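Here is what each chain is made of, one letter per residue.
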Amino acid sequence: MKNVDDLIDSAAELAEHGLSKGEIADELNVSRETASWLVERGGGNDAVESTETASTADIHVDWSALGRDSTRLRYAASAMADLLAKEGEAVDLTVGIEKAGAPLATAVANQLDTDLGTYAPAKHQWEEGDIDEQGGGFSRNFAAIRDRDCYVVDDIITSGTTMQESIDAIREQGGEPVACVVLVDKMGYDEIDGVPVYSLVDVVRVDRDE
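By convention here, each chain's residues receive numbers from 1 onward along its written sequence. Local features in a predicted model are, by the rule used here, given only for residues with pLDDT of at least 70; side-chain atom pairs are given and counted only at 80 or more, and totals for whole chains, interfaces and linings are based on all residues. Hydrogens and waters are ignored; side-chain quantities use all the structure's heavy atoms.

Engineer: Tell me about the environment of Ala79, and please be specific about residues and values.
Structural biologist: Numbering goes from the N terminus for both helices and strands, where a helix is a DSSP run of H or I of at least four residues and a strand is a run of E of at least two. With respect to the element layout, Ala79 can be found in helix H6 (residues 70–84). For the pair Ala79 and Gln111, spaced 32 residues apart in sequence, the C-alpha to C-alpha distance is 9.6 Å.

Engineer: Break down the sheet that holds strand S6 (residues 191–192) for me, with residues and values.
Structural biologist: The 7 strands are arranged S3-S2-S1-S4-S5-S7-S6 in an open sheet whose pairing can be described as mixed. Of all strands in the sheet, those with a lone pairing partner are strand S3 (137–138) and S6, marking the two edges. Pairs of strands are assigned from DSSP output, requiring at least two bridges between the strands. As defined by bridge partners, strand S1 (residues 93–97) adjoins strand S4 (residues 149–157) across 3 bridges and the pair is classed as parallel. Paired with Gly96 across the two strands is Val153, which belongs to S4. The criterion used for residue contact is that any of the two residues' heavy atoms lie within 4.5 Å. Axes, fitted as lines to C-alpha atoms, cover a helix only where it is in contact. Angles between the N-to-C directions of the axes lie from 0 to 180 degrees. Along the sheet, helix H8 (residues 161–172) makes contact with S1, strand S2 (115–120), S3, S4, strand S5 (176–185), S6 and strand S7 (195–202), crossing S5 at roughly 160°.

Engineer: So what's going on with H6? Which residues, and what values?
Structural biologist: The terminal C-alpha atoms of H6 lie 21 Å apart, and with 15 residues this matches the ideal 21 Å at 1.5 Å per residue to within 8%. Relative accessible area decides the class of each residue, using a 1.4 Å probe on protein chains only: under 20% of the type maximum gives buried, over 50% gives exposed, and in between gives partly exposed. All of the buried residues in H6 are Leu73, Ala76, Ala77, Met80, Ala81, Leu83 and Leu84. End-on, the buried residues of H6 take up no more than an arc of 150°, which puts them together on one face. Turned more than 90 degrees off the buried face of H6, the exposed positions are Tyr75 and Asp82. Here the buried face of H6 lies against helix H5 (64–67), helix H7 (101–112), S4, S5 and S7. We define a polar contact as two N or O atoms separated by no more than 3.5 Å, with the added condition that, inside protein, one atom must be a possible hydrogen donor and the other a possible acceptor, whereas residues neighbouring each other in sequence contribute only through side-chain atom pairs. At the N-terminal end of H6, a side-chain oxygen is found 3.0 Å from the backbone nitrogen of Thr71, two or three residues along, and the residue is Asp69. In this scheme, a helix's expected span is set at 1.5 Å multiplied by one less than its residue total. Our arc is simply the arc of the directions from the helix axis toward the C-beta atoms.

Engineer: Talk me through the pattern of salt bridges; I want residue IDs and the actual numbers.
Structural biologist: Between Lys or Arg on one side and Asp or Glu on the other, a salt bridge is scored when a side-chain nitrogen of the former is within 4 Å of a carboxyl oxygen of the latter. Evaluated as defined, the whole model comprises 7 salt bridges. Here Arg171 ties to Asp193 by a salt bridge, and the two come within 3.0 Å at their closest N and O atoms. Of this pair, Arg171 sits in helix H8 while Asp193 sits in the loop between S6 and S7, placing them 22 residues apart in sequence. Linked through salt bridges whose partners overlap, the residues forming this network are Asp92, Asp115 and Arg148.

Engineer: Please give an account of the packing of helix H2 (residues 21–28) against helix H3 (residues 32–42) that cites residues and values.
Structural biologist: The geometry of H2 relative to H3 is characterised by a closest axis approach of 8 Å and an angle of 105° between their N-to-C directions. The orientation of H2 relative to H3 falls into the category roughly perpendicular. Residue-level inspection shows Lys21, Ile24, Ala25 and Leu28 of H2 in contact with H3, the latter providing Arg32, Ala35, Ser36, Leu38, Val39 and Glu40. Residue type decides the class: Asp, Glu, Lys and Arg count as charged, Ala, Val, Leu, Ile, Met, Phe, Trp, Tyr, Cys and Pro as nonpolar, and the leftover types, Gly among them, as polar. Taken together, the residues that form the contact of H2 with H3 break down as 6 nonpolar, 1 polar and 3 charged. Any angle between 65 and 115 degrees counts as roughly perpendicular, while under 35 counts as roughly parallel, over 145 as roughly antiparallel, and the rest as oblique.

Written out as structure tokens, the structure is:
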């Protein structure tokens, strides 16, 4: 994707296939507010531009060059695993945040020789309004938390909301997140709620006064 028009077209196509705005945000690696704006623009309403969306910038990250090639994905996961390895001594579980974090977590878990768990965040059900009204959950097809120390893996941190939700969910299950790792961190976090955050790429926005 090269421009906003491409993102609008992609958002419209995803919406036509029944994805929620939260899922579209996940697919396009943008914030929920940006996804909502893209979907509305894709519906033909060029005038839709609230004060919040008009004044809030976002960064689209396209990492499909890694995702579509298993070898490249394995190399990226190896680097992510290397960042995690410095944290924790007896961690035996890696939790991937669905959807895009799951294949990364699978490769990371293989590198670190841990079990694999996955968490589906609340944003996948989000359309409009307060996301706190939605709920996430762990897949029973993968390893359970069971009071274990674990690593948390995702592709992008956009605002930190999903990572915070995942940390809270793990702790509610009695587990302890030891460290988090992502491909790209748009916010430049060092930690979230006391849990170290590592990323292969940090994005720093520089605003200059003209």
